[in-house]
Amino acid sequence: MTDVVEIPIVAEHPPQYAHAGDAGADLRAAEAVELGPGERALIGTGVAIALPDGYAAFVVPRSGLAAKHGITVVNAPGTVDAGYRGEIKVTLLNTDGSESFAIAAGDRIAQLIVMPVSRAVFVPVPELTDSARGTGGFGSTGVSS
């Protein structure tokens, strides 16, 4: 069973889930934009929400736009905090090196995922306990298994 959270919203075109069980609800462009090769643009969605405390929303790319056209969200995931009440905007980037991409008002441009979040209390300690991974960072596990 999926948890349901009611979120007050002001929007001409509210985010919608395409299928039952989807994690992300589609966000639509509120304006037309032409993205040239390598260009990025901040695109309004006309959506403002009031998340309850203990929740955040994350703006993520649509896989079809990424795979077919090279369109992605620059700061993915973009974080919408519970206290934010302004319009949700999406920074899209056209990664294609030669083709422009036209976005019409009403086009689905990103997805919004709503999740509960924990509030951390950062506790200073003289040193951290060891783990199997240790201090191994980027690329430390290699490419092949």
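Note that this is a predicted model, so its numbers are computed, not measured.

1. Regarding the overall build of the chain
Turning to step 1, where the next piece is worked out: Across its full length, the chain carries 1 helix and 11 strands.
Turning to step 2, where the next piece is worked out: Listing each helix as α and each strand as β along the chain from the N terminus yields β-β-β-β-β-β-α-β-β-β-β-β.
Turning to step 3, where the next piece is worked out: Taken over the C-alpha trace, the chain has a radius of gyration of 19 Å; the compact-globule value for 145 residues is 15 Å, which it surpasses by more than 25%.
Turning to step 4, where the next piece is worked out: Counting only C-alpha atoms, the chain reaches 55 × 40 × 30 Å along its principal axes.
Turning to step 5, where the next piece is worked out: Each of the 145 residues in the chain was classed as buried or not, and the buried ones make up 27%.
Turning to step 6, where the next piece is worked out: Across the chain, the fraction of contacts at a sequence separation of at least 24, relative to all contacts at a separation of at least 6, is 72%.
Turning to step 7, where the next piece is worked out: Accessible surface for the chain amounts to roughly 10000 Å². Of this, 54% is attributable to carbon and sulfur atoms.
Turning to step 8, where the next piece is worked out: The chain carries 9 positive and 16 negative side-chain charges, and their two centres are separated by 0 Å.

2. Focus on the UniProt feature "binding site: substrate" (unreviewed entry) in the chain
Turning to step 1, where the next piece is worked out: What UniProt calls "binding site: substrate" (unreviewed entry) maps, in this numbering, to Arg62, Ser63, Gly64, Asn75, Thr79, Val80 and Asp81. The named residues occupy 20 residues along the chain; their greatest pairwise C-alpha distance, 26.4 Å, places them well apart from one another.
Turning to step 2, where the next piece is worked out: Mapped onto the fold, arginine 62 is located in the loop between strand 6 (55-60) and helix 1 (63-69).
Turning to step 3, where the next piece is worked out: In contact with arginine 62, not counting residues within four places along its chain, are Asp26, Arg108, Ile109, Ala110 and Gln111.
Turning to step 4, where the next piece is worked out: Here aspartate 26 takes part through its side chain, which lies 3.3 Å from a polar atom of the side chain of arginine 62.

3. A closer look at the pattern of salt bridges
Turning to step 1, where the next piece is worked out: For the structure on display, the rule yields 2 salt bridges.
Turning to step 2, where the next piece is worked out: Residues aspartate 26 and arginine 62 are paired through a salt bridge, measuring 3.3 Å at the closest nitrogen-oxygen approach. You can see aspartate 26 sitting in strand 2 (residues 25-28) and its partner arginine 62 sitting in the loop between strand 6 and helix 1, a full 36 residues away along the chain. Side by side, aspartate 26 and arginine 62 carry an identical accessibility label, which is buried.
Turning to step 3, where the next piece is worked out: Aspartate 26 is the salt-bridge partner of arginine 108, the closest N and O atoms lying 3.3 Å from each other. Placement of the pair is arginine 108 in strand 11 (residues 108-116) and aspartate 26 in strand 2, with a sequence separation of 82 residues.
Turning to step 4, where the next piece is worked out: Through salt bridges with shared partners, one network takes in Asp26, Arg62 and Arg108.

4. What about the sheet that holds strand 8 (residues 78-80)?
Turning to step 1, where the next piece is worked out: As summarised here, the arrangement of the 4 strands in space is 2-11-6-8, forming an open sheet in which the pairing is antiparallel. Single-partner strands in this sheet number two, and they are strand 2 and strand 8. In this sheet, neighbouring strand axes are inclined to one another by 35° on average, regardless of whether the strands run parallel or antiparallel.
Turning to step 2, where the next piece is worked out: Bridge count for strand 2 against strand 11 is 4 bridges, and the pairing is antiparallel. Residue pairing across strands places alanine 25 opposite leucine 112, the latter belonging to strand 11.

The rules behind each value
Residues numbered from 1 in each chain as written. Predicted model: local features only at pLDDT ≥ 70, side-chain atom pairs only at ≥ 80, totals over all residues. Heavy atoms only, no water. Helix = DSSP H or I, 4+ residues; strand = E, 2+ residues; numbered from the N terminus. Rg over C-alpha atoms; globule rule 2.2 N^0.38 Å. Buried < 20%, exposed > 50% of the residue type's maximum accessible area, 1.4 Å probe, protein only. Contact = heavy atoms within 4.5 Å. Areas by Shrake-Rupley, 256 points an atom, 1.4 Å probe, with all protein chains shown as cover. Lys, Arg positive; Asp, Glu negative; His and termini not counted. Charge placed at Lys NZ, Arg CZ, Asp CG, Glu CD. UniProt positions renumbered as here; feature names shortened; annotations may be inferred. Polar contact = N/O pair within 3.5 Å; in protein donor to acceptor, adjacent residues only side chain to side chain. Salt bridge = Lys/Arg side-chain N within 4 Å of Asp/Glu carboxyl O. Pairing = 2+ DSSP bridges. Axes fitted to C-alpha atoms, helices over the stretch in contact; angles between N-to-C directions.

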